[in-house]
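Geometric and topological summary
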Amino acid sequence: MPRSDHGGAEAVLPPDHGAGPGASEGNAGDGGELKRVIGPGLLLLFIVGDILGTGVYALTGQVAAEVGGAVWVPFLCAFLVAMLTATSYLELVTKYPRAGGAAAYSHRAFGIHFLTFLVTFAVMCSGLTSASSASKAFAANLLSALDVDGDQGRVAMAIALGFMALISLVNLRGVGESVKANVALTAVELTGLLIVIGVGAWALLQGDGEFSRVTEFETPGGDTAFGAITAATALAFFAMVGFEDSVNMAEETKDPVRIFPRVMLIGLTVTGVIYILVAVASVTLVAPAELGEGDTPLLKVVQAGAPGFPIDVFAWITMFAVSNSALINMLMASRLLYGMSRERALPAPLCRLLPRRRTPWVAITFTTLLAFLLIGYADLTALGGTTSLLLLCVFAVVNVAVLVLRRDRVAHRHFRAPTALPVIGAVLCVYLASPLSQRSGDDYEIAGWLMLIGIALWACVWGCTRLLAARAKGVG
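Considering the overall build of the protein
- When you go through the protein residue by residue, the secondary structure sums to 16 helices and zero strands.
- The buried share of the protein, reckoned over its 476 residues, is 56%.
- In the protein, of all internal contacts separated by at least 6 residues, the share reaching a separation of at least 24 is 85%.
- Of the accessible surface of the protein, which amounts to about 18,800 Å², a share of 66% is contributed by carbon and sulfur atoms.

This is the structure in structure tokens:
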């Protein structure tokens, strides 16, 4: 059950649009369809496991620092924005029930190869920022489990870099091992969040904690409640992404036109409820100011609500949970880079494979080096904010694409979102991605540099192609 906090591997062009950057590998052969083996239960597990991840484990405290005790409000707002965008994905996946994603839909709607490239590279970069944030969260929880005191900055950096290097080695070994590890790690993720909810419920039943905090707004720097909520929602949205990955399973799902809408909406609702309950439990047991300090907020919650609980055990649960995010996001990022290179949208060396393992070692090395730079350059909050920024831009494109594709009629019945929903979804995604949401400037700086790297690589290929074409024309 591959998952990520930000978006999964997507075909750059839909199969029926011919060769393009990152065309689906599954359609490169005989053009046949994939075997439909996924039923409602497996699809629901995939979607729930896809959304759960680093966001809630690592950033609940940072969201609390923005709004105070009403930390559940930004998570609720993020859930509503995600639900609006999900209806657009549902219309597209039931209308075109084949493996694809945001890039495939945007190319079908607009037919602009450069836009398709930008959407795909943005998804890839969101995987890198998400994995880098997971590495930092892993380091913070490991230091807590080992009870390391003193200056932890350099030690945490070394652990985060070493963890990312280990992830790259697993990635080099092959996708089979990665997916097998993901199944177990998804179960660990869910267990950790249920422990937090259980500890919070138990403490309230015992008369502990301060439930009154959940209605208190404490905005930093004199911000209005609205401004603080929008800023916190822009960050909390990082925890809700991942549902869009499931559209890539459409070609392997039994009767996707009937199953997908119900299962995706149920999956989003389940995760939204879990996140809100975790947020409520967190501020009930730990003051928002204290919750916002450090990178291990849920560890503080368990420690406050259940002092007898073996805190080291929960720290390891958190580490396994964020490992899942890092593993699958780096897997997705390297495969997207490989796909774009194979279709001549990026330099050819990026599609080189290891002779025996058949894994894209150059793409894996390149994405790992970029992740190293992100770990060294940005803090956890900036990485989470950049992830949500990149995907909000992608989701805005999808919400517009669904409206453009209304002119494309298909023979079969499919889910149709009320027109107001993608319109509202597009507006909210653009708003949350814009400076109007009081998003940190660090998010734009990191996202800008990443996209400039992609554009530079694309320009190299474009220039070389034009040069070779000119030479061939001159020879001819």
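Now, onward.
Overview of the confidence of the model for the protein
- Overall, the prediction assigns the protein a mean pLDDT of 81, with 86% of residues at 70 or greater.
- Here helix H1 (residues 40-51) stands out as the least confident element of the protein, with mean pLDDT 76; helix H15 (residues 420-433) is the most confident, with 95.
- Taken as a whole, residues 1-34 scores under 50 in pLDDT and shows 132 contacts with residues more than four places along the chain or in a different chain.

Observations regarding the environment of Met124
- Checked against the element boundaries, Met124 lands in helix H5 (residues 113-145).
- Residues Met124 and Ser334 lie 210 residues apart in sequence; the distance between their C-alpha atoms is 7.9 Å.

Remarks on the nonpolar core
- Ranked by size, the top nonpolar core spans 141 residues in total, and within it Leu268 and Tyr275 carry the most contacts.
- Ranked by residue count, the leading element in this core is helix H12 (residues 311-342), at 17 residues.
- If we skip the residues at most four places from it in the chain, Tyr275 touches Ile51, Leu52, Gly53, Val56, Phe75, Leu193, Ala239 and Met240.

A word on the packing of helix H3 (residues 72-95) against helix H14 (residues 380-404)
- One can describe the packing of H3 onto H14 by two numbers: an axis separation of 9 Å at closest approach and a directional angle of 50 degrees. Taken as axis vectors, H3 and H14 run oblique relative to one another. The handedness of the crossing between H3 and H14 is left-handed. Between H3 and H14, the contacting residues are Leu84, Thr85, Ser88, Tyr89, Glu91 and Leu92 on the first element and Val394, Phe395, Val398, Asn399 and Val402 on the second.

A look at the pattern of salt bridges
- Following the criterion strictly, the structure yields three salt bridges and no others.
- Close ionic contact of Glu210 with Arg213 constitutes a salt bridge, the shortest N to O distance being 3.5 Å.
- With a relative accessible area of 43%, Glu210 lands in the partly exposed category.

Structural notes on H14
- Taking 1.5 Å per residue as the helical rise, H14 with its 25 residues ought to reach 36 Å, and the 37 Å between its terminal C-alpha atoms agrees with that figure.
- Counting buried residues along H14, 19 of its 25 residues qualify, which places the element largely inside the surrounding structure.
- Capping the start of H14, Asp379 holds a side-chain oxygen 3.3 Å from the backbone nitrogen of Thr381, two or three residues further along.

A closer look at a nonpolar patch on the surface
- Where nonpolar side chains cluster on the molecular surface, the patch consists of Trp449, Leu452 and Ile455 and spans about 310 Å² of accessible area.
- Along the polypeptide, Leu452 turns up in helix H16 (residues 441-475).

Here we look at the packing of aromatic side chains
- Counted according to the given criterion, the structure contains 10 aromatic pairs.
- With a centroid separation of 6.1 Å and an interplanar angle of 55 degrees, the aromatic rings of Phe75 and Tyr275 are classed as tilted. Note that Phe75 is positioned in helix H3 and Tyr275 in helix H9 (residues 256-285), a separation of 200 residues in sequence. The same class applies to Phe75 and to Tyr275, which are both buried.
- Pairing Phe237 with Phe395 gives two aromatic rings, centres 5.8 Å apart and planes at 75 degrees, and the pair type is edge-to-face. Taken together, the residues Phe237 in the loop between helix H8 (225-236) and H9 and Phe395 in helix H14 connect sequence positions 158 residues apart.
- Connected via pairs of aromatic rings, a cluster forms that spans Phe114, Phe117, Phe121, Trp458 and Trp462.
- Above the face of the Tyr96 ring, Arg108 is positioned so that its terminal group lies 4.0 Å from the ring centre.

Reading guide: rules and limits
Residues numbered from 1 in each chain as written. Predicted model: local features only at pLDDT ≥ 70, side-chain atom pairs only at ≥ 80, totals over all residues. Heavy atoms only, no water. Helix = DSSP H or I, 4+ residues; strand = E, 2+ residues; numbered from the N terminus. Buried < 20%, exposed > 50% of the residue type's maximum accessible area, 1.4 Å probe, protein only. Contact = heavy atoms within 4.5 Å. Areas by Shrake-Rupley, 256 points an atom, 1.4 Å probe, with all protein chains shown as cover. pLDDT = per-residue confidence, 0-100. Core = buried A, V, L, I, M, F, W, Y, C linked by side-chain atoms within 4.5 Å. Axes fitted to C-alpha atoms, helices over the stretch in contact; angles between N-to-C directions. Parallel < 35°, antiparallel > 145°, perpendicular 65-115°, else oblique. Left-handed = near helix turned anticlockwise from the far one by under 90°. Salt bridge = Lys/Arg side-chain N within 4 Å of Asp/Glu carboxyl O. Expected span 1.5 Å × (residues − 1). Polar contact = N/O pair within 3.5 Å; in protein donor to acceptor, adjacent residues only side chain to side chain. Patch = residues over 30% accessible without salt bridge, like charges linked within 9 Å, V, L, I, M, F, W, Y side chains within 5 Å. Phe/Tyr/Trp six-rings, centres within 6.5 Å; stacked < 30°, edge-to-face > 60°. Lys NZ or Arg CZ within 6 Å of the ring centre and 35° of its normal.

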